[in-house]
Amino acid sequence: MSASTPVFRFAPSPNGELHLGHALSALTGFDMARRLGGRFLLRIEDIDTQRCTEANIASQMEDLAWLGITWEQPVLRQSQHFSIYRKAAERLRAMDLLYPCFATRQDIAAAKRPGTVDPDGAPIYPGLHKFMPAAEVEDRIARGEPFALRLHMDRALELVAARLEGKPLAFTAFDGAGTETAMPARPERWGDTIVMRKDTPASYHLSVVVDDARQGISHVTRGMDLFAATDLHRLLQVLVDLPAPKYHHHRLITDVEGRKLAKSARDTTLASLRQSGITPAEIRAMVGLSEAGSTHKA
Ligand code: GLU
């Protein structure tokens, strides 16, 4: 297999059952990989060890296999690689790009400035512990107070600007027809985002960029709900010297009220649809994909 063989992945978090939205996502990547003669990997994003379960991993794999999706072995499980994400965070820390933050969600909500929300609708970090004196930081850590590590977004942007020598930060978007488009990335809209969480030993953003790189992912296919996250991913890739995959953000499947499907929406889980006698071909049709192997319009 040549170095230029495209590598795709589907990376579910096993914190619930897969639903129609996941079917669209997994099939979009799988179909594209096949069409391009590429490889297809499954990655289990189980950094949230409280909410991710073995039972969900097993049922998600069963659903994917039922859809006709095949993937390479071994399957990477993020919970087995925490030290690798920690190493990436240590690198950012050594560059003086991270600071500990002890604030709770309530502290942040109480201090938030009106009108400042990130693309996910969460308050932009209001800087509470950004300039905490080093002695107080050390004291609180010594007392065992839990903390997250946040990115100095201002410093990160400066460093990236210097590395890119004035070229704007961007990512390459691709579509099913093979068209590629340069998209501007604006990570600043996330503010001082969390890179290492309090409750889990990594953040989604850091683990995803580290794993896309070490698995040699060349093409990321995922939903539009992660469109703005790509800006952060590009920023992190430049900061820790990781290659940039190309990205395809597909449309989302919504419920009748136009909301994104939630893992808790029982009637749209693949397991319940399967039990009700629906076939994989019908699932394809339900999510707006054409038959396996033919060109689709996602
Ligand atoms: N694990 C993420 C999710 O289930 C997707 C990660 C990605 O595709 O980058 O939403």
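Computed from a predicted model, the values in this text were never measured in an experiment.

> Explain unusual backbone geometry to me, and be specific about the residues and the numbers.
The phi angle of most residues is negative, glycine excepted, and most peptide bonds adopt the trans form. Residues Gln73 and Pro74 are joined by a peptide bond in cis, for which omega reads -5°. With respect to the helices, strands and loops of the structure, Pro74 is situated in the loop between helix H2 (54-66) and strand E3 (76-77). In this structure, Asp96 takes a positive phi of about 65° despite not being glycine. The class of Asp96 is partly exposed, set by a relative accessible area of 49%. Non-glycine residue Glu165 carries a positive phi angle of around 50°. Here Glu165 lies in the loop between helix H6 (153-163) and strand E6 (170-174).

> Outline the pattern of salt bridges, supporting the account with residue identities and numerical values.
Enumeration over the complete set of coordinates arrives at 21 salt bridges. Here Asp63 ties to Arg274 by a salt bridge, and the two come within 2.9 Å at their closest N and O atoms. Taken together, the residues span a long stretch of sequence, with Asp63 in helix H2 and Arg274 in helix H9 (residues 270-275) at a distance of 211 residues. Residue classification places Arg274 among the partly exposed residues on the basis of a relative accessible area of 23%.

> I'd like a description of the site of the ligand, backed by residues and values.
Around the ligand lies a shell formed by Arg9, Ala11, Pro12, Ser13, Glu45, Tyr204, Val208, Arg222 and Leu226. Ala11 has a polar backbone atom sitting 2.7 Å from a nitrogen atom of the ligand. Within the side chain of Glu45, one N or O atom sits 2.6 Å away from a nitrogen atom of the ligand. When isolated, the ligand has an accessible area of 300 Å², and the protein chains bury 81% of it.

> Provide a residue-level description of the packing of aromatic side chains, including the pertinent values.
All told, the structure shown has seven aromatic pairs when counted by the stated rule. Between the aromatic rings of Phe82 and Tyr85, the centroid separation amounts to 6.4 Å while the plane-to-plane angle is 75°, which identifies the pairing as edge-to-face. Of this pair, Phe82 and Tyr85 both sit in helix H3 (residues 82-94), three residues apart, which is roughly one turn of that helix. With relative accessibility at 14%, the residue Phe82 sits in the buried group.

> Give a detailed account of the environment of Tyr247, specifying residues and quantitative values.
Its location among the elements puts Tyr247 in strand E10 (residues 246-250). Given the relative accessible area of 1%, Tyr247 is considered buried. Excluding anything up to four places from it in sequence, Tyr247 contacts Phe171, Thr172, Ala173, Phe174, Val220, Arg222, Thr230, His233 and Gln237.

> Can you lay out helix H7 (residues 204-214) for me, pointing to particular residues and giving the numbers?
Note that an α-helix has 3.6 residues per turn; residues three or four places apart therefore point the same way. Of all eleven residues making up H7, eight are buried, and the element is well covered by its neighbours. Among all positions of H7, only His205, Leu206, Ser207, Val208, Val209, Val210, Asp211 and Asp212 are buried. Once H7 finishes, Gly216 follows within two positions and takes phi at roughly 65°, a positive value.

> Let's hear about the pairing of E10: which residues, and what values?
Counting buried residues in E10 gives four out of five residues, a clear majority hidden from the surface. By the bridge criterion, five bridges tie strand E9 (residues 219-223) to E10 in an arrangement that is parallel. Among the inter-strand pairings, Val220 is bridged to a residue of E10, identified as Tyr247. After leaving E9, the chain enters helix H8 (residues 229-239) and then returns to the sheet as E10, a path that is right-handed.

> Pulling in residues and values, what's your account of the packing of H6 against H8?
H8 packs onto H6 with a crossing angle of 65° between their chain directions and a minimal axis gap of 10 Å. H8 is crossed by H6, and the crossing has left-handed handedness. Where H6 abuts H8, its residues Met153, Ala156, Leu157, Leu159, Val160 and Arg163 lie against Leu232, Leu235, Val238 and Leu239. Partitioning the contact of H6 with H8 into residue classes produces nine nonpolar, no polar and one charged.

Calculation notes
Residues numbered from 1 in each chain as written. Predicted model: local features only at pLDDT ≥ 70, side-chain atom pairs only at ≥ 80, totals over all residues. Heavy atoms only, no water. Helix = DSSP H or I, 4+ residues; strand = E, 2+ residues; numbered from the N terminus. Buried < 20%, exposed > 50% of the residue type's maximum accessible area, 1.4 Å probe, protein only. Salt bridge = Lys/Arg side-chain N within 4 Å of Asp/Glu carboxyl O. Near = heavy atom within 4 Å. Polar contact = N/O pair within 3.5 Å; in protein donor to acceptor, adjacent residues only side chain to side chain. Areas by Shrake-Rupley, 256 points an atom, 1.4 Å probe, with all protein chains shown as cover. Phe/Tyr/Trp six-rings, centres within 6.5 Å; stacked < 30°, edge-to-face > 60°. Contact = heavy atoms within 4.5 Å. Pairing = 2+ DSSP bridges. Right-handed = clockwise from strand over helix to strand, strands pointing away. Axes fitted to C-alpha atoms, helices over the stretch in contact; angles between N-to-C directions. Left-handed = near helix turned anticlockwise from the far one by under 90°. Nonpolar A, V, L, I, M, F, W, Y, C, P; charged D, E, K, R; others polar.

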